[in-house]
Each structure stands twice: as C-alpha cells, then as structure tokens.
Amino acid sequence: MDLIERHIAECDLFASIGTSGQVFPAAGFVLKANAAGAHTVELNLESSELSGMFEERHEGPATTVVPAWVETLLDGN
C-alpha cells in the first residue's frame, strides 16, 4: 500500500477501470490522486459511487471504452 500511495502522489494521470467504488482502500485512490493534482478518469460500465470525483468519465464495456480512451491518449487528443 505504501508503494501504491507513493505512485499516486506522483502521478499526472489516474485511471480507474471497472470498479464499483465501494471497496476500500482502492475506492479512496481517486481522492488521493485528486489531492496530488492528477487528471482523473473513470472508465466503467456504469456510474459508480465515486463517479462525481472524476474529472473525466467514459461509460460502457471495458472492451470498448478502454481501447478508445487509450487511442485518444496515443493521438494526443
């Protein structure tokens, strides 16, 4: 957990993929990422308990939304 928290504190981009947002400590990672100033992205089948905490959201099956999102990262859009 210490290593995860150190990485989150240093990240520029935090992506959460396919979670209910109800299981801690992982559900609290977005809060730590926001506090660190990272851009936060939720890629999920549907809204989660924490959806309002993310700057960017994409809903749909991970097999669809994750590759599309990664493509936008690679294209620089």
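Structure report, in brief.

So, how was this worked out
Residues numbered from 1 in each chain as written. Predicted model: local features only at pLDDT ≥ 70, side-chain atom pairs only at ≥ 80, totals over all residues. Heavy atoms only, no water. 1 Å grid on protein atoms, 1.4 Å probe; cavity = no way out; pocket = protein on both sides within 12 Å on 5 of 7 lines; lining within 4 Å. Points joined across faces, edges and corners; volume = space filled by probe spheres on them. Helix = DSSP H or I, 4+ residues; strand = E, 2+ residues; numbered from the N terminus. Nonpolar A, V, L, I, M, F, W, Y, C, P; charged D, E, K, R; others polar. Buried < 20%, exposed > 50% of the residue type's maximum accessible area, 1.4 Å probe, protein only. Pairing = 2+ DSSP bridges. Right-handed = clockwise from strand over helix to strand, strands pointing away.

1. So, the layout of surface pockets
Inference 1: Approximately 150 Å³ is the volume found for the largest pocket.
Inference 2: What lines the largest pocket is Phe14, Ala15, Ser16, Thr19, Gly21, Val23, Ala26, Ala27, Phe29, Val30, Leu50 and Phe54.
Inference 3: Elements with a contribution of two residues or more to the lining of the largest pocket: β1 (13-17) and α2 (29-35).
Inference 4: Residue contributions to the lining of the largest pocket peak at 3 residues, all from β1.
Inference 5: A breakdown of the residues in the lining of the largest pocket according to their chemical character gives 9 nonpolar, 3 polar and no charged.

2. Points about the pairing of strand β2 (residues 39-44)
Inference 1: In terms of burial, β2 is largely enclosed, as 5 of its 6 residues are buried.
Inference 2: Direction of pairing for β1 relative to β2: parallel, over a ladder of 5 bridges. Bridge assignment links Leu13 to a residue of β2, and that residue is His39.
Inference 3: At this point the chain moves from β1, through α2, to the parallel β2, and the crossover so formed is right-handed.
Inference 4: The pairing of β2 with strand β3 (residues 56-59) spans 4 bridges and is parallel. In the strand pairing of β3, Val41 is matched with Glu56.

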